[in-house]
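Descriptive analysis of the structure
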Amino acid sequence: MLGQLFVRECRQTARSLIFWLIVLILIFDFTTQLGEMEIGEEPQPGQESYGYRQSKDPDIIMRSTLGQLTEEYVRENYTTYPIGFYKSVTLNEKDDARIGEILEETAGIAGRESAKQIIEEWYAARNEPGLAGELLKIEPADGLTYEQFTDLMDEADKILGGGSNYGKEYREKNAQVPKTYEEAVKEYDALLEKDRLTGGYARLFCDYMVIFLGILPVFLAVTRGLRDRRSMMQELIYTRKCSSLTVIVSRYLAMIVMLTLPVLILSLNPLLKCMSYAGKAGIAADMLAFVKYTFGWLLPTIMVVSALGMLLTELTDTAAAVLVQGAWWFIAVFSGADSLRGGMYGWSLTPRHNTELNWQGFHDGFAQLAANRLLYTAAALLLVVLTVFIYSQKRKGRLHIRGKILADRKNKS
Amino acid sequence: MERYWQIEKINLKYHIPLHVLVSVLLLLISPFLIGVANLGAQDTAKALEMYVALIGIVLLPPVFLPEQNRDIRDLIYTKYLNGPVIYLVRILGNILLMAVLLGLYIGMLAYNGCEFPAGKYFCGALTEMLFLGGLGVFFYGLCDNLVIGYMAPIVYYIAAIGGGEKYMKMFYPFSMVRGSYGEKVWLAFGAVVLVSGGVWLRCRRKRRKFK
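Calculation criteria
- Residues numbered from 1 in each chain as written.
- Chains lettered and ligands numbered in written order.
- Predicted model: local features only at pLDDT ≥ 70, side-chain atom pairs only at ≥ 80, totals over all residues.
- Helix = DSSP H or I, 4+ residues; strand = E, 2+ residues; numbered from the N terminus.
- Buried ≥ 20, exposed ≤ 12 C-beta atoms within 10 Å, placed from the backbone.
- Contact = placed C-beta atoms within 7 Å.
- Rg over C-alpha atoms; globule rule 2.2 N^0.38 Å.
- Nonpolar A, V, L, I, M, F, W, Y, C, P; charged D, E, K, R; others polar.
- Core = buried A, V, L, I, M, F, W, Y, C linked by C-beta atoms within 7 Å.
- pLDDT = per-residue confidence, 0-100.
- Domains from an automatic or database assignment.
- Axes fitted to C-alpha atoms, helices over the stretch in contact; angles between N-to-C directions.
- Parallel < 35°, antiparallel > 145°, perpendicular 65-115°, else oblique.
- Left-handed = near helix turned anticlockwise from the far one by under 90°.

**Some words on the overall build of chain A**
What chain A contains, in helices and strands, is 17 helices and four strands. For the C-alpha atoms alone, the extent of chain A along its principal axes is close to 80 × 70 × 30 Å. Residue burial in chain A is summarised as follows: out of 413 residues, 39% are buried. For chain A, the proportion of contacts with a sequence separation of at least 24, taken over those separated by at least 6, is 80%.

The following block contains the structure:
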């Protein structure tokens, strides 16, 4: 019975307008972001820049953080991420004066005019060859210990409402140092040897696709949920012999399969590019990397978004799930804006890794990512169980929030 | 006039309260998510264009929702008053609600020490709201499906965030951030076309059905 219903649901989905709109949007996302994807070449000696990496050296952390503080103090505007969401902070006079004092205590820069002069000199120097793209670094004041520095930066972070560049979490991120040629080669070698080329590009593919897959499944789930009601078949289906578990699970599986299929088909394009490059360069590429990453990285997002859509639609008989999922997507995507390079996946619905490189970051953050994906898979299954429960209650005549009895009561009152 | 007020009264009483509540909630939680005090013109534009304008998606597309049920739609279309008139009254009412909410929010920003040209920003943000909502109305009218009505503006918004300036050109919704208002004229024109088109499509379905 489950198999029959599953096939029927897949057929219905394939005939629905919303499914093909989703496919079109995924194709648009893919072509605009990855359509012109080219396999990166090996770094060559003497290149102008090899990119940046994070340093854990306290001296570099202090210099970089003070550079940021000086810049933001001059700009009179601070960037913060209080709950992971971008927020621009402008201070009142009292707090601004205290930040000035902190800058003086930590960097020995007295007043905005002195800070402005340093910035102007820095920008003038940046035009010189070899310094382009480098970030401002300021020497700490004489005798400043790392402990004093962290205490004062914590205070600055508190004044700014938390989540600033001076809080514990973000201080290390400030310490960006240019990569050397050797480091760039090492990272490229990791792409070829550890990732076998396709692994890195599969992560990049997932990074772009997860943005849209963090919301699109809800449209399919809500449409499917409302279809019975719209065609006035709800009560008829309720009376069928088939169990609630079979009805809901067959719908859910069909949705998941039909949403995963176009993603897998789209992944063939970058896979073929990678295989062609690997063939010429003599690299033993992993042919199944895109499949593995699609199932490991994207499927949990598809699962939980679809399950939430199904649950809320079944519960409310409205399109409220779209608004709820829209809000969740908004927070997830904007909170991930500061961790694009990967390695810091946290509990985001849409984990980001916007580079084919940084295998080390992926490796270091793998346990976190695996926990994240398992959590969303478990949450999705729980939501499906709840949907089955609600559906079975409705079949018994309960939980009809928008039922005729309620409408009748409203009219009488 | 009395009958139009009756339509709006019913809209305010039964159809739109939940959507207004969602919009008000969105605006009330904004201080926890984005900066709303002491902002410069650019940051204020960002808050209005990237956050506040989203209430256009919440408030405008559901104007056809009360007649989603075909039985009710058939009944409504047998009445003396034209379908398009009912929709236009609702649309104007919802636009007025959006303008009031936006005006209050802009007042709050100004009170909190944000420095920006209030009149220009009000018009710019309202235009974007109308365009986002208009997209919803158009696609709802075209496909007779509220979910697609929500999907179209949301996808447009996501595409605009993901480097859409390159593809959207004069229909790029976040132009005030870089101090440009020319796009808003196009968006206003687009909003009028989309809303009118959406209502026409909805009513065209009716006429075909009753032939």
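**Re the overall build of chain B**
For chain B, the count of helices and strands is eleven helices and zero strands. Listing each helix as α and each strand as β along chain B from the N terminus yields α-α-α-α-α-α-α-α-α-α-α. Taken over C-alpha atoms, the radius of gyration comes to 18 Å for chain B, in line with the 17 Å a tight globule of 211 residues would show. Counting only residues that meet the buried cut, chain B has 43% of its 211 residues in that class.

**Examining the interface of chain A and chain B**
Interfaces are often sized by the accessible area lost when the parts come together. Taken residue by residue, the interface counts 22 residues in chain A and 22 residues in chain B. Going through the elements one at a time, helix 2 (17-34), strand 3 (87-89), helix 9 (198-213), helix 10 (216-230) and helix 14 (320-335) of chain A are the ones with two or more residues in the side of chain A that touches chain B. Considering every element that reaches the side of chain A that touches chain B, the biggest residue donor is helix 2 of chain A, with five residues. Residues that form the side of chain A that touches chain B fall into these classes: 15 nonpolar, six polar and one charged.

**Focus: the nonpolar core**
Membership of the largest hydrophobic core comes to 131 residues, with the highest contact counts inside it found for Phe219(A), Ala307(A), Val52(B) and Val147(B). The element contributing the most residues to this core is helix 13 (residues 289-316) of chain A, with 15 residues. If sequence neighbours within four positions are ignored, Val147(B) has contacts with Ile18(A), Phe219(A), Val222(A), Thr223(A), Ala319(A) and Val322(A). One finds Leu66(A), Tyr78(A), Ile138(A) and Ala156(A) within the second-largest nonpolar core, a separate group that totals 21 residues.

**Details of the environment of Val52(B)**
All names here are of chain B. Summarising the element assignment, Val 52 is placed in the loop between helix 4 (41-50) and helix 5 (55-59). By C-beta crowding, Val 52 is classed as buried, having 25 other C-beta atoms within 10 Å. C-alpha separation for the pair Val 52 and Ile 106, spaced 54 residues apart in sequence, amounts to 9.8 Å. Excluding residues that lie within four positions of it along the chain, Val 52 makes contacts with Leu 27, Ala 47, Leu 102, Tyr 105 and Ala 125.

**Remarks on the confidence of the model for chain B**
All names here are of chain B. Scored by pLDDT, chain B has a mean of 88; 96% of the residues are at 70 or more. Mean pLDDT across the elements of chain B bottoms out in helix 6 (residues 70-77) (73) and peaks in helix 8 (residues 118-143) (96). Across the predicted assembly, pTM comes out at 0.85 and ipTM at 0.87.

**Quick word on the domain arrangement of chain A**
The domain boundaries assigned to chain A delineate domain 1 (2-42 + 187-403) and domain 2 (52-178). Taking only C-alpha atoms into account, the centre of domain 1 of chain A sits 39 Å from that of domain 2 of chain A.

**Some words on unusual backbone geometry**
For residues besides glycine, phi is generally negative; the peptide bonds are generally trans as well. Residues and elements named next belong to chain A. Even without being a glycine, Leu 197 presents a positive backbone phi close to 65 degrees. Look at Leu 197 and you get buried, because 24 C-beta atoms sit within 10 Å. Non-glycine residue Asp 317 carries a positive phi angle of around 60 degrees. For Asp 317, a count of 19 C-beta atoms within 10 Å gives the class partly exposed.

**Regarding the packing of helix 4 of chain B against helix 8 of chain B**
Residue and element names in this part refer to chain B. Interhelical geometry of helix 4 versus helix 8 gives an angle of 25 degrees and a closest axis separation of 9 Å. One way to sum up the angle between helix 4 and helix 8 is to call them roughly parallel. Crossing geometry of helix 4 relative to helix 8 is assigned as right-handed. On the side of helix 4, the interface is formed by Thr 44, Ala 45, Leu 48 and Glu 49, while helix 8 contributes Tyr 121, Ala 125 and Glu 128.

**A word on the packing of helix 2 of chain A against helix 10 of chain A**
All names here are of chain A. It is the contact of helix 2 with helix 10, at a shortest axis distance of 10 Å, that shows an interaxial angle of 175 degrees. Between helix 2 and helix 10, the interaxial angle falls into the category roughly antiparallel. Touching Ile 18, Phe 19, Ile 22 and Ile 25 of helix 2 are Leu 216, Phe 219, Leu 220 and Thr 223, all from helix 10. Of the residues belonging to the contact of helix 2 with helix 10, the class tally is seven nonpolar, one polar and no charged.

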